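Read off the chains here:
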Protein chains: 2
Amino acid sequence: MASATIITAAMLAIGDELLSGRTKDRNIGHLADTLFLAGIDLKEVRIVGDEEEMIVEALNALRGRYDYVFTSGGIGPTHDDITADAVARAFGVPCTHDPAAMELMAAMYARRGMEFNEARQRMARMPIGAKYIPNSVSTAPGFSIGNVHVMAGVPQVFVAMLEALLPTLRTGSPVLSRSIASPFGEGDIGTQLTAIQKAHPETSIGSYPRFDGTRFSTEIVIRSREQSTAEAAERDILAMIAEIAAAKAAT
Amino acid sequence: MASATIITAAMLAIGDELLSGRTKDRNIGHLADTLFLAGIDLKEVRIVGDEEEMIVEALNALRGRYDYVFTSGGIGPTHDDITADAVARAFGVPCTHDPAAMELMAAMYARRGMEFNEARQRMARMPIGAKYIPNSVSTAPGFSIGNVHVMAGVPQVFVAMLEALLPTLRTGSPVLSRSIASPFGEGDIGTQLTAIQKAHPETSIGSYPRFDGTRFSTEIVIRSREQSTAEAAERDILAMIAEIAAAKAAT
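Calculation rules
Residues numbered from 1 in each chain as written. Chains lettered and ligands numbered in written order. Predicted model: local features only at pLDDT ≥ 70, side-chain atom pairs only at ≥ 80, totals over all residues. Heavy atoms only, no water. Helix = DSSP H or I, 4+ residues; strand = E, 2+ residues; numbered from the N terminus. Rg over C-alpha atoms; globule rule 2.2 N^0.38 Å. Contact = heavy atoms within 4.5 Å. Areas by Shrake-Rupley, 256 points an atom, 1.4 Å probe, with all protein chains shown as cover. Lys, Arg positive; Asp, Glu negative; His and termini not counted. Charge placed at Lys NZ, Arg CZ, Asp CG, Glu CD. Buried < 20%, exposed > 50% of the residue type's maximum accessible area, 1.4 Å probe, protein only. Phe/Tyr/Trp six-rings, centres within 6.5 Å; stacked < 30°, edge-to-face > 60°. Lys NZ or Arg CZ within 6 Å of the ring centre and 35° of its normal. Domains from an automatic or database assignment. Axes fitted to C-alpha atoms, helices over the stretch in contact; angles between N-to-C directions. Parallel < 35°, antiparallel > 145°, perpendicular 65-115°, else oblique. Left-handed = near helix turned anticlockwise from the far one by under 90°. Nonpolar A, V, L, I, M, F, W, Y, C, P; charged D, E, K, R; others polar. Least-squares fit on C-alpha atoms with pLDDT ≥ 70 in both. Pairing = 2+ DSSP bridges. Core = buried A, V, L, I, M, F, W, Y, C linked by side-chain atoms within 4.5 Å.

(A) View of the overall build of chain A. From N to C terminus, chain A includes 9 helices and 11 strands. For a compact globule of 251 residues, the expected C-alpha radius of gyration is about 18 Å, and chain A comes in at 23 Å, more than 25% above that figure. In chain A, 69% of the contacts between residues at least 6 apart in sequence involve partners at least 24 apart. Within the structure as shown, chain A displays about 10,700 Å² of accessible surface, and the carbon and sulfur contribution to it stands at 53%. Distance between charge centres in chain A, computed from 23 positive and 30 negative side chains, equals 2 Å.

What follows is the structure in structure tokens.
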């Protein structure tokens, strides 16, 4: 059997509004879902404000460490949209109006009878050497440079850009995931679950507590790149739940 | 007038489930809201999986740079809850069962007639020198060590721990925030808004695009630690909106 292909990724979400609580991020969860299905391992997320120094530093840390970096936010037409400049600085290249993006956008604004003014032209700026990511919602594009993919913060636009980008990415072996609902809290299952994890080192077994206001229950998730190992762990977990249920019934 | 007190913070959210998309984080937004009201500036957020090396590295980067670090996740009773060990390693101290936490928890389980087993006792483990954070929901505590505050990932419990912790924190001068709804998209207002920001350097003016599926509008937010400067910027922004509206009405 061929060994699994592991592709790693990080996300950098950019925007003061995420840190002040004004906006609740929705792009991280969407990217996590999308990458999981594509077999790309999201390993780290960072959120920073609209500060060039912070963006450059985070970007350089992440792009050296992971196969892909995805960013959200800061590519609009206003003065606080500084992502394109920060990415250009991280790559050590100038940031200019991209001719292909200018053409796309000029045509769209002409069609709509709107002025393609200086603020709107800002949205065509990208680092030299970048390639634009189409935006089927509102035209103004994102861009890719090296292993960094720069997308909008508005969720509808982020979704559209990621959809356009996805077919161009290398994907890994998908991770199989099975979920088992345990009616017992982690305190009841923790000791035995530790032993089961040790017995199945090829799987990653996670346990996620749920709290309904009165009682804890647990969602147990087995992740593996091989079906047979996931199934073996699942059998042991189901046996554990049956055993605990029998013990509770007997008391 | 006394100069403003600036207190900075970072958050480290821990858990594979946040990176796989299985769980959509709710703690970051709650912490952001809470710190904003307390006048504490949240400057950076990181999300990492249940990997000791990653947790230690992120924690050491953040605790050296900000006044406070808040973590969520990984302090339950199962094998994948490794936050206490990772925090102990980051501080270079052993991780042991805390006597005060053991006492609290033993009393609670005795009251409820439940076994205080090995898995549950794991939740009393913390770095030597840590002080527990009360948990009014389900007893098993978080803990504080140095400038790091370690809390649960289950949102109800995170909220309860943060509430218990908040009165013990130093708070800064609150930031005044005023929000102005602009019926015009960022493309219409971008150029003038840049000039307004330049004219009011003591304020931070952000613009947040909204997209209703057809048209963009913008929420403009002025943040300042002084009322008078915020008001001056607000007057200029309202004048700008009136001017654009008049120009549109004339065409």
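(B) Examining unusual backbone geometry more closely. Residues and elements named next belong to chain A. Backbone geometry at Thr 139 places phi at a positive 70°, although glycine is not the residue there. Within the element layout of this structure, Thr 139 appears in the loop between strand 6 (131–133) and strand 7 (142–145). Judged by relative accessible area, which is 18%, Thr 139 ranks as buried.

(C) The packing of aromatic side chains, seen in detail. For the structure on display, the rule yields 6 aromatic pairs over all chains. Between Tyr68(B) and Phe70(B), the aromatic rings sit 6.0 Å apart at their centres with planes inclined by 45°, giving tilted as the arrangement. Both residues of the pair, Tyr68(B) and Phe70(B), count as buried. Between the aromatic rings of Tyr109(B) and Phe116(B), the centroid separation amounts to 5.4 Å while the plane-to-plane angle is 20°, which identifies the pairing as stacked. Here the two residues Tyr109(B) and Phe116(B) agree in accessibility, since each one is buried. Between Arg63(A) and the ring centre of Phe91(A), over which it is positioned, the NZ or CZ distance is 3.9 Å.

(D) Molecular detail of the side chain of Glu17(B). Secondary-structure assignment places Glu17(B) in helix 1 (residues 16–19). Not counting residues within four places of it along the chain, the set of residues in contact with Glu17(B) comprises Tyr208(A), Arg22(B), Thr23(B) and Asp50(B).

(E) Examining the domain arrangement of chain A more closely. One can read the domain layout of chain A as domain 1 (7–168) and domain 2 (176–250). Inter-centroid distance (C-alpha atoms) of domain 1 of chain A to domain 2 of chain A is 39 Å.

(F) Molecular detail of the packing of helix 8 (residues 186–199) of chain B against helix 9 (residues 227–250) of chain B. All names here are of chain B. At a closest axis distance of 11 Å, the pairing of helix 8 and helix 9 adopts a crossing angle of 150°. When the axis of helix 8 is compared with that of helix 9, the two are roughly antiparallel. Helix-helix and strand crossings are classified by hand; for helix 8 and helix 9 the assignment is right-handed. Facing Asp 188, Ile 189, Gln 192, Leu 193 and Ile 196 of helix 8, the residues of helix 9 in contact are Ala 233, Asp 236, Ile 237, Met 240, Glu 243, Ile 244 and Lys 248. For the contact of helix 8 with helix 9, the per-class residue count stands at 7 nonpolar, 1 polar and 4 charged.

(G) Here's a closer look at helix 4 (residues 83–91) of chain B. Where helix 4 of chain B is concerned, the buried positions are Thr83(B), Ala84(B), Ala86(B), Val87(B), Ala88(B) and Ala90(B). Gly92(B) occupies a position one or two residues after helix 4 of chain B and carries a positive phi of about 70°.

(H) Fine view of the relation of the copies chain A and chain B. Turning chain A through 180° and shifting it by 0.0 Å along the axis lays it on chain B, with an RMSD of 0.0 Å. Here the copies are linked by what is in effect a two-fold axis. No C-alpha of chain A approaches the rotation axis more nearly than that of Arg46(A), which lies at 2.2 Å. When you check the interface residues of chain A against chain B, 100% turn up at the interface there too, and the contact is symmetric in its surfaces.

(I) Seen up close, the pairing of strand 3 (residues 68–72) of chain B. All names here are of chain B. Taken across its 5 residues, strand 3 has 5 buried, putting it largely inside the fold. Judged by which residues are buried, strand 3 turns out to be covered on both faces: Tyr 68, Phe 70 and Ser 72 on one side and Val 69 and Thr 71 on the other are all buried. Alignment of strand 1 (residues 7–14) against strand 3, held across 5 bridges, turns out to be parallel. Looking at strand 3, one finds that Ala 9 is bridged to Tyr 68. As defined by bridge partners, strand 3 adjoins strand 8 (residues 148–151) across 4 bridges and the pair is classed as parallel. By the bridge assignment, Phe 70 is partnered in strand 8 with His 149.

(J) Quick look at the nonpolar core. With 124 residues, the main nonpolar core has Phe70(A) and Phe70(B) as its most contacted residues. For Phe70(B), the contacting residues outside a window of four places in its chain are Ala9(B), Ala10(B), Met11(B), Leu12(B), Leu31(B), Leu35(B), His149(B), Met151(B), Leu162(B), Leu165(B) and Leu169(B).

(K) Just the packing of helix 3 (residues 52–63) of chain A against helix 4 (residues 83–91) of chain A, in detail. Residue and element names in this part refer to chain A. Where helix 3 meets helix 4, the axes come as close as 9 Å, and the angle between the chain directions of the two elements is 50°. Taken together, the axes of helix 3 and helix 4 lie oblique to each other. Helix 3 and helix 4 meet at a crossing whose hand is right-handed. Together, Glu 52, Glu 53, Ile 55, Val 56, Leu 59, Asn 60 and Arg 63 of helix 3 and Asp 85, Ala 86, Val 87, Arg 89, Ala 90 and Phe 91 of helix 4 make up the contact between the two elements. Grouping the amino acids of the contact of helix 3 with helix 4 by side-chain chemistry returns 7 nonpolar, 1 polar and 5 charged.

(L) Region of interest: the sheet that holds strand 11 (residues 216–224) of chain B. All names here are of chain B. With respect to topology, 3 strands assemble into an open sheet ordered 9-11-10, the strand pairing being antiparallel. If you trace the sheet from one side to the other, it starts and ends with strand 9 (176–182) and strand 10 (204–211), each paired once. Shown here is a sheet whose adjacent strand axes are inclined to one another by a mean of 20°, direction ignored. In this structure, strand 9 lies alongside strand 11, joined through 7 bridges in antiparallel fashion. Paired with Ser 182 across the bridge in strand 11 is Thr 218.

(M) Seen up close, the environment of Phe184(A). All names here are of chain A. Residue placement: Phe 184 occurs in the loop between strand 9 (176–182) and helix 8 (186–199). Along the backbone, Phe 184 and Ile 244 are 60 residues apart, and their C-alpha atoms lie at a distance of 8.4 Å. Those residues in contact with Phe 184, other than ones at most four positions away along the chain, are Ile 189, Phe 216, Ser 217, Thr 218, Ile 241, Ile 244, Ala 245 and Lys 248.

(N) Up close: the side chain of Thr71(B). In this structure, Thr71(B) sits in strand 3. Sequence-distant contacts of Thr71(B), that is, excluding residues within four places in its chain, are made with Leu12(B), Ile14(B), Leu59(B), Thr83(B), Val148(B), His149(B), Val150(B), Met151(B) and Phe158(B).

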